[in-house]
Amino acid sequence: MTDISTAEGSSPLQERRLRTEVPGPRSRELLTRRTAAVAAGVGVTLPVFVAEAGGGVIVDVDGNSLIDFGSGIAVVSVGNSAPRVVAGVREQVGRFTHTCFMVTPYEGYVAVCEALNRLTPGTHDKRSALFNSGSEAVENAVKIARAATRRQAVIAFDHGYHGRTNLTMALTAKSKPYKHSFGPFAPEIYRAPLSYPFREPAPISGAEAAERAISVIDKQVGAENTAALVIEPIQGEGGFIVPAEGFLPRLADYCREAGIVFIADEIQTGFARTGAMFACDHEGVVPDLITTAKGIAGGFPLGAVTGRTELMDAVHVGGLGGTYGGNPVACAAALGAIATIEEEDLVGRARNIGEVMLPALRELQARHRIVGDVRGRGAMIAMELVTPGTREPNPDAAQAIAKACHAQGLVALTAGTYGNVLRFLPPLVMPEHLLKEGLGILEDAFAGFGGAQPQAPSRPIATPA
Ligand SMILES: Cc1ncc(COP(=O)(O)O)c(C=O)c1O
């Protein structure tokens, strides 16, 4: 079990504790202030305001301690305020906070690039560049692919999510809430069909699904016009869709033959989340470029593109960068997070989480006909909810069950093109007793879900002082 409490960073008590209803009075007060001050377009899943967090819990301003099955959307894989992250950041902020790497460089940036070049799939010669977010990483991967190939078209997939900036909105599939009313979108983006085993009209192998996508690219775009294909090896926001085996390797082979840059967007799947350092590793896929962010830096804003040197270096000097990209504090955090992942075997820990969660969720599936599918790898696990006896998406059930979990002190997220997926992303340092308690809350939420019947009111549980 991971030691999550050291002199450098202390973790709150690893327990669920409800002192008030959720959200409590202090959170509700802050919510009123939030509504009066923050733009309405910035949504909120669970309006408890955070006082501290660490290990497997989030403690709110009312003293409630919630089990975290979200990790701030797959970010704090190493836990909040992870000791090595805190130590690195403290040391760095005391020395300098910014110079701009493009003006006067510093070692931390180089060290993060070295770590990325070492850890990402493939033993070929690589280079990396650092940015501030996942979206920015994807934008830059596309820029690099276009500069290297002198082609323009980019292929993205059904259900894909790549961000909210103008180019990445175009790459993202789902209209509401991500694209609706925000057009016009960037041109030369084309969408290909994914392998989505649960929703195929008839069973189809990964290789066959890849041929279906390749046919769209060949017929509707033309390989010779295509700079890049961008794909999440397991889709995140799309609903943790794991493509059929063979889909990704066949696409990667096709890209290699056609001179198309294969970009793996591992912003959500990367850094141990799926029980491998990168999700591409599960099928031995070696992308030409890989985008990373989220789990890379323990909560600090950092994104990266890593890839074949000949592609990365095809861009003219000054063509990549930005004022804050690879900020020294974010780099120190990343080095702390990467050390934590490697030294505490969080890849193995993610696999263990999957071994606990998947059978428990499959058992729920056997008991509840609204569970259409249970899927995922490592600590990236989802349940797709349907109208019983059909594959009709059931977003109302997903919302109701997530809300019931929130009321009982479990942070659970939804996802999916149809909004009908419950997705679970616990921190990889989650103690096993909390993981099991969280699963128990989920089980109760399913038991309490009665279609149109109202949910049981939330009740505080007995708490130690
Ligand atoms: C696969 C994937 N790509 C890109 C992004 C965008 O990252 P960011 O929100 O840091 O811009 C996300 C964020 O959820 C993501 O999951």
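It should be noted that the structure appears before, not after, this text.
Residues numbered from 1 in each chain as written. Predicted model: local features only at pLDDT ≥ 70, side-chain atom pairs only at ≥ 80, totals over all residues. Heavy atoms only, no water.

A few points about the pairing of strand E3 (residues 65-68)
This is how it is decided: Only protein chains enter the accessibility calculation, which uses a 1.4 Å probe; a residue is then buried when its area is under 20% of its type maximum, exposed when over 50%, and partly exposed in between. Strands are runs of DSSP state E lasting at least 2 residues, helices are runs of H or I lasting at least 4, and numbering of each runs from the N terminus. At least two DSSP bridges between two strands are required for those strands to pair.
Here E3 shows two buried faces, one formed by Ser65 and Ile67 and the other by Leu66 and Asp68. Where strand E2 (residues 57-60) lies against E3, three bridges are found, and the strand directions are antiparallel. By the bridge assignment for E3, Val59 is matched with Ser65. Between the antiparallel neighbours E2 and E3 lie four residues, among them Gly63 with a positive phi of about 90°. Here E3 runs beside strand E13 (residues 410-411); their pairing, made up of two bridges, is parallel. Each bridged residue has a counterpart across the sheet, and for Ile67 the counterpart in E13 is Leu410.

Some remarks on the site of the ligand
For clarity, the cut-off: Nearness is judged by heavy atoms alone; a residue qualifies as near a molecule or strand once a single heavy atom is within 4 Å of it. Polar contact is the term for a pair of N or O atoms within 3.5 Å; when the atoms are in protein, one must be able to donate a hydrogen and the other to accept it, and sequence-neighboring residues count only if both atoms are side-chain atoms. Any residue that is not Ala, Val, Leu, Ile, Met, Phe, Trp, Tyr, Cys, Pro, Asp, Glu, Lys or Arg is counted as polar, Gly included; the first ten are nonpolar and the last four charged.
With respect to spatial proximity, the complete set of residues near the ligand consists of Ser133, Gly134, Ser135, Tyr161, His162, Gly163, Glu232, Asp265, Ile267, Gln268 and Lys294. One of the side-chain nitrogen or oxygen atoms of Asp265 is found 2.7 Å away from a nitrogen atom of the ligand. Interatomic distance of 3.1 Å between a side-chain N/O atom of Lys294 and an oxygen atom of the ligand. A per-class count over the shell around the ligand returns two nonpolar, six polar and three charged.

Here's the deal with unusual backbone geometry
Here Val22 and Pro23 are connected by a cis peptide whose omega angle stands at 0°. Structurally, Pro23 can be placed in the segment before helix H1 (25-37). The residue after Lys176, namely Pro177, is reached through a cis peptide bond having omega 5°. The topology assignment puts Pro177 in the loop between helix H6 (166-171) and strand E6 (189-192). Within the chain, Glu188 stands out as a residue other than glycine whose phi angle is a positive 65°.

So, the pairing of E2
Side-chain alternation along E2 places Val57 and Val59 on one buried face and Ile58 and Asp60 on a second face that is also buried. Linking strand E1 (residues 50-54) back to E2 in an antiparallel pair, the connection comprises two residues, with Gly55 at a positive phi of about 60°.

Quick word on the side chain of Thr149
Test applied: Residue contacts are counted whenever heavy atoms from the two residues lie within 4.5 Å of one another.
The topology assignment puts Thr149 in helix H5 (residues 134-149). Judged by relative accessible area, which is 18%, Thr149 ranks as buried. Within the local environment of Thr149, its side chain forms a polar contact with the backbone oxygen of Ala145, the two atoms lying 2.7 Å apart. Those residues in contact with Thr149, other than ones at most four positions away along the chain, are Ala227, Gly259 and Val261.

Overview of helix H4 (residues 107-119)
Filter applied, for reference: An expected span of 1.5 Å times one less than the residue number is assigned to each helix.
The end-to-end C-alpha distance of H4, which contains 13 residues, comes to 18 Å, matching closely the 18 Å that a straight helix rising 1.5 Å per residue would cover. Turning to H4, its buried residues are Tyr109, Ala111, Val112, Cys113, Ala115, Leu116 and Leu119.

Structural notes on the packing of aromatic side chains
As a reminder of what qualifies: Pairs were defined over the aromatic rings of Phe, Tyr and Trp, the Trp ring being its six-membered one, requiring ring centres within 6.5 Å. Orientation was assigned from the angle between planes: stacked under 30 degrees, edge-to-face over 60, tilted for the rest. Either the NZ atom of lysine or the CZ atom of arginine qualifies as a charge over a ring when it sits within 6 Å of the ring centre and within 35 degrees of the ring normal.
Counted by the stated rule, this structure contains eight aromatic pairs. One aromatic cluster is present, formed by Phe96, Phe101, Tyr106 and Tyr109 through successive ring pairs. Its end group placed over the ring of Phe185, Lys179 keeps NZ or CZ at 5.2 Å from the ring centre.

Considering the packing of helix H12 (residues 395-407) against helix H13 (residues 432-448)
Note the threshold: Note on geometry: axes are lines fitted to C-alpha atoms, helical ones only across the stretch in contact, with angles between N-to-C directions running from 0 to 180 degrees. We call two directions roughly parallel when the angle between them is under 35 degrees, roughly antiparallel when it is over 145, roughly perpendicular when it lies between 65 and 115, and oblique otherwise. Rotating anticlockwise by less than a right angle from the far helix to the near helix defines a left-handed crossing, while the corresponding clockwise rotation defines a right-handed one.
Taken N-terminus to C-terminus, the directions of H12 and H13 make an angle of 130°; their axes are 9 Å apart at the nearest point. In terms of their interaxial angle, H12 and H13 are classed as oblique. At the point where H12 passes H13, the crossing takes the right-handed sense. Residues Ile401, Ala404 and Cys405 of H12 pack against Ile441, Leu442, Ala445 and Phe446 of H13. A class-by-class count of the residues in the contact of H12 with H13 yields seven nonpolar, no polar and no charged.

Here we look at the sheet that holds strand E12 (residues 380-385)
Taking strand neighbours across the sheet as the criterion, the four strands line up as E11-E12-E15-E14 in an open arrangement whose pairing is antiparallel. Every other strand in the sheet has two partners, leaving strand E11 (371-377) and strand E14 (413-415) as the edge strands with one partner each. Across the sheet, the mean angle from the axis of one strand to that of its neighbour is 25°, orientation sign disregarded. Across four bridges, E12 lies against strand E15 (residues 421-424) in antiparallel orientation. What sits directly across from Ile381, in E15, is Phe424. The strands touched by helix H11 (residues 346-367) are E11, E12 and E15; relative to E11, the strand with the most contacts, the crossing angle is about 170°.

With respect to the layout of surface pockets
If a probe the size of a water molecule is rolled over the atoms, the empty space left behind becomes visible. Cut-off, in case you're wondering: For cavity detection a 1 Å grid was placed over the protein atoms alone, and a set of points counts as a cavity when a 1.4 Å probe fits there but cannot get out; an open set counts as a pocket when protein lies on both sides within 12 Å along at least five of seven lines, with lining residues being those that have an atom within 4 Å of a point. Grid points are joined across faces, edges and corners, and a volume is the space filled by probe spheres set on the points.
Its boundaries defined by the atoms lining it, the second largest pocket holds a volume of some 500 Å³. The wall of the second largest pocket is formed by 22 residues, among which Phe101, Tyr109, Ser128, Ala129 and Leu320 lie closest to the centre. Contributions of two or more residues to the lining of the second largest pocket are made by H4 and strand E4 (126-131). A breakdown of the residues in the lining of the second largest pocket according to their chemical character gives eleven nonpolar, eight polar and three charged.

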